[in-house]
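Below, each chain spelled out in residue letters.
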Amino acid sequence: MTVTLSDQLVSLNPATGEPVGSVVVTAPEAISGMVDQARKAQKAWAALTLEERGAQLKAAGEALEAKAVEIGTTLTQEMGKPLREGIGEVKSCARGMASTVDEIAAALQPVVTEDKRTKSHVFYDAFGVCAAIAPWNFPVAMPHSLVIPALMAGNAVILKPSEETPLSAQAYADVLNEFLPAGVLTVVHGADEQGKALVNADVDLIAFTGSRETGKKILENASRDLKRVVLELGGKDPMIVLDDANLEEAAKFAVMNSFRNAGQVCVSTERIYVDERVATEFENLMKTMTENLKQGDGQEEGTQIGPMINDRQRAHVLKQLELAKNEGARVVTGSDAHPERFIVPTILSDLNPAMAIMRDETFGPIACVVRYQSEEDAVRQANDTPFGLGAAVFGEEEHALKVARHLDAGMIGVNKSCGGASGTPWVGAKESGYGYHGSDEGHRQFAQVRVVSVPKG
Ligand code: NAD
């Protein structure tokens with residue numbers, strides 16, 4: 001949560017409304033000059049080898065780990081998630097830095113391909129300047145996932161973090177900048193106006209993570225100069241609970257994945273389709289687990305669910321909830337009186353597919369449980385959305401795997417969350433993604449592919 005006072009963006013603690021700190025807002029008209037500076041710095045950065053760039057980032061990873069408690073605390077103060085998760089987010093970026101960098105370096109090594117007449121070298125070169133535009137829900141992990149592959153490919157990066165979480169992103173960039181040459185990583189602070197100015201400036205690649213609506217605007221603006229774009233967008237993830245599922249495990253996952261980060265995760269479970277034969281037992285298990293969750297200020301010991309990021313997001317979720325209740329949804333557990341800044345984790349049942357809460361991204365702690373009679377129908381309903389980020393199926397493994405292959409999502413977890421093994425991409429289907437991250441193919445999207453060929457004697 002932030003307010004703008006003159007040229008200052010003041011970050012407020014979403015749990016208390018207290019100021020945490022501030023940064024200077026970047027004037028939109030200054031952005032094109034910043035891009036020119038980045039372009040100058042980029043040449044020498046791209047001239048380094050992958051190993052040399054990697055070594056600087058690995059050193060930054062160690063420094064980031066040393067500051068994980070400090071930066072993680074700031075993250076919790078300005079975003080609201082439990083302190084353990086805030087510190088954990090920074091630690092996981094820091095500790096994973098070396099392996100991420102090695103994985104990217106391996107993906108960007110030149111490849112030699114030949115046939116009878118021609119020998120070709122395929123190079124993965126820098127584009128030039130990359131605009132990295134990030135959301136607020138993982139204030140360090142999201143910038144990290146854009147900045148590191150872009151830098152490794154030899155690009156200079158202009159990072160525009162979310163206006164909701166400027167302090168943690170600035171602290172992250174400050175650590176990296178202790179190790180990077182001047183001008184290679186620059187931070188622009190502000191909101192959509194600064195984002196637009198950055199997209200319209202002379203950048204070569206736009207790597208964006210955020211909502212589907214903003215992604216569409218960026219694609220439209222980038223199209224004028226055919227700028228390269230990589231968009232990781234929103235979701236409306238379904239979960240299917242089969243009749244042979246371990247209901248305890250399924251309910252545990254449903255509660256964790258619907259309410260973690262107060263439901264403010266792109267791969268939150270937002271729709272749950274349960275075989276009607278096991279639905280009552282599943283719903284009861286979910287109810288008990290949900291009522292045991294501890295909600296509060298992320299800095300308080302034992303907090304599991306924090307506040308909503310800001311009043312706008314809270315109002316959006318409450319409106320979906322009210323509409324659903326007015327249209328006949330049953331509240332399995334929840335509250336009629338949500339405390340200021342918070343939304344009490346809520347389970348709804350008796351929903352219909354036309355309700356806004358079943359169609360639009362919620363991004364809040366609401367779990368929607370729908371009973372199904374046939375698996376075909378469950379799959380049809382799960383796929384009935386323009387989104388296609390993650391999905392989960394719980395059931396006997398062979399059975400669940402079969403159902404999983406019919407789901408129209410980029411990442412599907414069977415008896416687990418949707419994330420794959422390391423080296424696999426983070427990828428959305430349909431309107432949840434346009435380009436993707438991770439894996440050799442994902443890393444190569446931050447590079448210009450260039451083929452140099454010679455004749456064979
Ligand atoms: P958002 O789209 O409102 O904002 C994201 C970023 O874009 C912010 O930095 C914002 O200032 C900037 N921006 C806004 N308008 C812009 C414009 N016209 N041009 C350029 N930049 C602009 O999203 P948010 O509310 O910060 O984040 C929540 C969304 O992010 C959810 O939809 C969530 O699902 C999605 N998300 C997706 C992933 C993924 O991996 N697919 C991960 C995290 C979050």
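Please read all numbers here as calculations on a predicted model, not as lab measurements. (Residues numbered from 1 in each chain as written. Predicted model: local features only at pLDDT ≥ 70, side-chain atom pairs only at ≥ 80, totals over all residues. Heavy atoms only, no water.)

Details of the sheet that holds strand β8 (residues 185-187)
Spatially, β8-β7-β6-β9-β10-β18 is the arrangement adopted by the six strands of the open sheet, whose pairing is mixed. Edge positions in the sheet fall to β8 and β18 (433-434), since each has one partner strand and no second. The sheet contact formed by strand β7 (residues 156-160) and β8 spans three bridges and is parallel. Its bridge partner lying in β8, Val157 is registered against Leu185. Across the face of the sheet, helix α5 (residues 141-152) comes into contact with β6 (129-133), β7, β8 and β9 (205-209) while running at roughly 165° to β7. (Pairing = 2+ DSSP bridges. Helix = DSSP H or I, 4+ residues; strand = E, 2+ residues; numbered from the N terminus. Contact = heavy atoms within 4.5 Å. Axes fitted to C-alpha atoms, helices over the stretch in contact; angles between N-to-C directions.)

Brief notes about the UniProt feature "domain: Aldehyde dehydrogenase" (unreviewed entry) in the chain
Residues annotated in UniProt with the feature "domain: Aldehyde dehydrogenase" (unreviewed entry) correspond here to residues 8-452. In the segment residues 8-452, helix accounts for 42% and strand for 20%; the C-alpha atoms at its two ends are 49 Å apart. (UniProt positions renumbered as here; feature names shortened; annotations may be inferred.)

Considerations on the site of the ligand
The local shell around the ligand holds 29 residues, among which Glu163, Ser211, Thr214, Leu233 and Glu361 are the closest. The separation between an oxygen atom of the ligand and a polar main-chain atom of Ala134 is 2.8 Å. Put simply, the parts of the chain that give the shell around the ligand at least two residues each are α7 (192-200), β9 and α8 (212-223). At three residues, α7 tops the list of elements feeding residues into the shell around the ligand. For the shell around the ligand, the class distribution of residues is 14 nonpolar, nine polar and six charged. Looking at which domains feed residues into the shell around the ligand, each of domain 1 (2-233 + 431-455) and domain 2 (237-422) supplies at least three. (Near = heavy atom within 4 Å. Polar contact = N/O pair within 3.5 Å; in protein donor to acceptor, adjacent residues only side chain to side chain. Nonpolar A, V, L, I, M, F, W, Y, C, P; charged D, E, K, R; others polar. Domains from an automatic or database assignment.)

Some words on the pattern of salt bridges
Applying the stated criterion across every chain, the model contains 26 salt bridges. Among the ionic pairs, Glu178 bridges to Lys67, the shortest N-O distance being 3.9 Å. With a gap of 111 residues between them, Glu178 in the loop between α6 (166-177) and β8 and Lys67 in the loop between α2 (50-66) and α3 (68-79) connect regions that are remote in the sequence. Residue Lys67 is classed as partly exposed on the basis of its relative accessible area of 31%. Salt bridges linked by common partners bring Arg212, Glu213, Lys216 and Glu431 together as one network. (Salt bridge = Lys/Arg side-chain N within 4 Å of Asp/Glu carboxyl O. Buried < 20%, exposed > 50% of the residue type's maximum accessible area, 1.4 Å probe, protein only.)

Things to note about the nonpolar core
Of all hydrophobic cores here, the largest spans 61 residues; its most connected members are Leu57, Val147, Ile148, Leu151 and Leu176. Top contributing element to this core by residue count: α5, with eight residues. Each of two domains, domain 1 (2-233 + 431-455) and domain 2 (237-422), supplies a minimum of three residues to this core. Leu57 has contacts with Met97, Val101, Ile148, Leu151, Met152, Leu176 and Leu180, leaving out every residue within four places of it along the chain. Among the nonpolar cores identified, the runner-up in size contains 54 residues, and Ala251, Val274, Ala324 and Ala400 belong to it. (Core = buried A, V, L, I, M, F, W, Y, C linked by side-chain atoms within 4.5 Å.)

Thoughts on the UniProt feature "active site" (unreviewed entry) in the chain
As annotated by UniProt and renumbered to match this structure, "active site" (unreviewed entry) occupies Glu232. Beyond its immediate stretch of four places on either side in the chain, Glu232 contacts Phe208, Thr209, Gly210, Trp426, Ser432, Tyr436 and His437.

Thoughts on the domain arrangement of the chain
Taken domain by domain, the chain comprises domain 1 (2-233 + 431-455) and domain 2 (237-422). For domain 1 and domain 2, the distance between their C-alpha centroids amounts to 30 Å. At the interface, 23 residues of domain 1 touch 24 residues of domain 2. The contact between domain 1 and domain 2 buries some 2,100 Å² in all, and 54% of this surface belongs to carbon and sulfur atoms. Looking only at domain 1, the three residues that lose the most surface to domain 2 are Pro14, Trp136 and Ser432, adding up to 23% of its buried area. Across the contact surface, domain 1 and domain 2 share zero salt bridges. For the side of domain 1 that touches domain 2, the secondary-structure elements that each account for two or more residues are α3 and α4 (83-107). At five residues, α3 tops the list of elements feeding residues into the side of domain 1 that touches domain 2. (Buried area = accessible area lost by both parts, 1.4 Å probe.)

Some points on the sheet that holds strand β12 (residues 269-275)
In space, the seven strands of this open sheet follow the order β13-β14-β15-β12-β11-β16-β17, with mixed pairing throughout. Taken across any chain shown, the strands that pair with only one partner, and hence form the sheet edges, are β13 (330-333) and β17 (411-414). Taken over all neighbouring pairs, the strand axes of this sheet differ in orientation by 25° on average, direction set aside. Sheet topology note: the strand β11 (residues 237-241)/strand β16 (residues 390-394) ladder contains three bridges and is parallel. The partner of Met239 across the bridge, within β16, is Ala392. Seen against the sheet, helix α13 (residues 375-383) touches β11, β12 and β15 (366-372) and runs at an angle of roughly 170° to β12.

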